[in-house]
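# A structural walkthrough
The primary structure of each chain is shown beneath.
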Amino acid sequence: MIRAVEASQAVSAPVLAAYRYCETVTGQQARNFAYGIRLLPTAERRAMSALYAFSRRVDDIGDGELPGAVKVERLEDTRALLGRVQAGAVEEDDTDPVAVALAHAAGVFPIPLGGLDELIDGVQMDVRGATYETWDDLKVYCRCVAGAIGRLSLGIFGTEPGARGVERAPEYADTLGLALQLTNILRDVREDAEGGRTYLPADDLAKFGCSAGFAGPTPPEGSDFAGLVHFEVRRARALFAEGYRLLPMLDRRSGACVAAMAGIYRRLLDRIERDPEAVLRGRVSLPGREKAYVAVRGLSGFDTRHVSRHTLRGRA
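Attention in this report is confined to the structure presented alongside it.

### Section: the overall build of the protein chain
A tally of helices and strands in the protein chain yields 15 helices and 0 strands. At 20 Å, the protein chain has a C-alpha radius of gyration in line with the 20 Å of a compact globule built from 316 residues. Seen along its three principal axes, the alpha-carbon backbone of the protein chain occupies a region of about 60 × 55 × 35 Å. In the protein chain, which comprises 316 residues, the share counted as buried stands at 51%. For the protein chain, the share of sequence-separated contacts (at least 6 apart) that also reach a separation of at least 24 residues comes to 74%. Per element, the accessible surface of the protein chain, about 14400 Å² overall, is 50% carbon and sulfur. Taking the average location of the 41 positive side-chain charges in the protein chain and that of its 43 negative ones, the two points are 8 Å from each other.

Written out as structure tokens, the structure reads:
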């Protein structure tokens, strides 16, 4: 998928207002995501904000306090709205700014909007209270709620003409999404447990004596919680290593955006690995200065060059 669109066309006042709304939502609700997309050119940044704002709406339905039946109804309403966007039936003067912005973005960039259908499917799995016996089971969920976002984002980024192995770009984008989602699952294990959700595979929990769950600030008695965390960290790192192969296929600023977002989560993994029980005491996060450093490092192209060197060595 090469960059097939020049996105410098003028934007009307209603569409610009819709994008500004989406950028506000993104800035307030997605600090890590916002650090990455601020490195993009204006058109791409706006499109990514529209994508985030729609995704956030879907997530908020799943995470809200409404009864399950009402959540399902709201999700189907959102799917119907997505259908209008896909059909080109959203006008610039529509009262829903997220729909207006997403429709405009989809007209400018080749965004595979079906990925948002997958996101809705994944959130419906949450609403149903799905649990996961194995990593293969969990991957299905992760691909819906995160891998799909990677593939959608690739529609905005495009790929560089002549890039090696570019036919695998969607696969690498999907894998990076899995890496980010598994990191989220580790970070939020206590919060999810308090909400009645368990995402880590039951097989893994049993292997490390953690099947009792994580209702408190300490691990289950007699468990090897640190072993469980280190096991999942290694899995996430392997996903990052594979997904990072996407970076040399992107232009400098798109690569910087991806490297910044992925870099923040990789540093979260480092912190979780150093102190596994921290995730039971509260949310692990990075200070703003460290996020800024990761963004600058991404913009410098360091990660892209590093991946390119290792890829070439692998082919030698």
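### Some points on the packing of aromatic side chains
For the coordinates displayed, the defined rule picks out 6 aromatic pairs. Consider the rings of Tyr141 and Tyr199, whose centres lie 5.2 Å apart with planes at 25°: the pair is stacked. Highlighted residues: Tyr141 in helix α7 (residues 135-157) and Tyr199 in the loop between α9 (189-194) and α10 (202-207), separated in sequence by 58 residues. The pair Tyr141 / Tyr199 is uniform in exposure class, with both members buried. Seen in terms of ring centroids, Phe208 and Phe231 are 5.7 Å apart; in terms of plane orientation they differ by 45°. Their pairing is tilted. Of this pair, Phe208 sits in the loop between α10 and α11 (225-243) while Phe231 sits in helix α11, and the two are 23 residues apart along the sequence. Members of the aromatic cluster, connected to one another through ring pairs, are Tyr132, Tyr141 and Tyr199. Directly above the aromatic system of Tyr244 lies the positively charged group of Arg266, at a separation of 4.7 Å from the ring centroid.

### Let's talk about the pattern of salt bridges
Should their charged atoms come close, side chains of opposite charge can pair. As enumerated under the stated definition, the model contains 26 salt bridges in all. Salt-bridge contacts for Lys139 lead to Asp136; the nearest nitrogen and oxygen are separated by 3.4 Å. Of this pair, Lys139 and Asp136 both sit in helix α7, 3 residues apart, roughly one helical turn. A relative accessible area of 21% places Lys139 in the partly exposed class. Residue Asp136 is classed as exposed on the basis of its relative accessible area of 52%.

### What about the nonpolar core?
Ranked by size, the top nonpolar core spans 98 residues in total, and within it Leu116 and Leu246 carry the most contacts. Counting residues per element, this core draws most heavily on α7, at 12 residues. Not counting the four nearest positions on each side in its chain, Leu246 is found in contact with Leu154, Ala169, Tyr172, Ala173 and Leu176.

### A few points about the environment of Gly213
Its location among the elements puts Gly213 in the loop between α10 and α11. Taking the C-alpha atoms as reference points, Gly213 and Gly196, separated by 17 residues in sequence, lie 9.9 Å from one another.

### Some details on the packing of helix α3 (residues 42-63) against helix α5 (residues 97-108)
The geometry of a pair of packed helices is captured by two quantities: the angle between their axes and the separation between those axes. Following both chains from N to C, one finds α3 and α5 inclined at 135°, their axes separated by 9 Å at the closest point. What the angle tells us is that α3 and α5 run oblique. Note that α3 runs across α5; the crossing there is left-handed. Residues Ala47, Ala50, Leu51, Ala53, Phe54 and Arg57 of α3 form the contact with α5, whose participating residues are Val98, Ala101, Leu102 and Ala105. Residues that form the contact of α3 with α5 fall into these classes: 9 nonpolar, no polar and 1 charged.

What counts, and at which threshold
- Residues numbered from 1 in each chain as written.
- Predicted model: local features only at pLDDT ≥ 70, side-chain atom pairs only at ≥ 80, totals over all residues.
- Heavy atoms only, no water.
- Helix = DSSP H or I, 4+ residues; strand = E, 2+ residues; numbered from the N terminus.
- Rg over C-alpha atoms; globule rule 2.2 N^0.38 Å.
- Buried < 20%, exposed > 50% of the residue type's maximum accessible area, 1.4 Å probe, protein only.
- Contact = heavy atoms within 4.5 Å.
- Areas by Shrake-Rupley, 256 points an atom, 1.4 Å probe, with all protein chains shown as cover.
- Lys, Arg positive; Asp, Glu negative; His and termini not counted.
- Charge placed at Lys NZ, Arg CZ, Asp CG, Glu CD.
- Phe/Tyr/Trp six-rings, centres within 6.5 Å; stacked < 30°, edge-to-face > 60°.
- Lys NZ or Arg CZ within 6 Å of the ring centre and 35° of its normal.
- Salt bridge = Lys/Arg side-chain N within 4 Å of Asp/Glu carboxyl O.
- Core = buried A, V, L, I, M, F, W, Y, C linked by side-chain atoms within 4.5 Å.
- Axes fitted to C-alpha atoms, helices over the stretch in contact; angles between N-to-C directions.
- Parallel < 35°, antiparallel > 145°, perpendicular 65-115°, else oblique.
- Left-handed = near helix turned anticlockwise from the far one by under 90°.
- Nonpolar A, V, L, I, M, F, W, Y, C, P; charged D, E, K, R; others polar.

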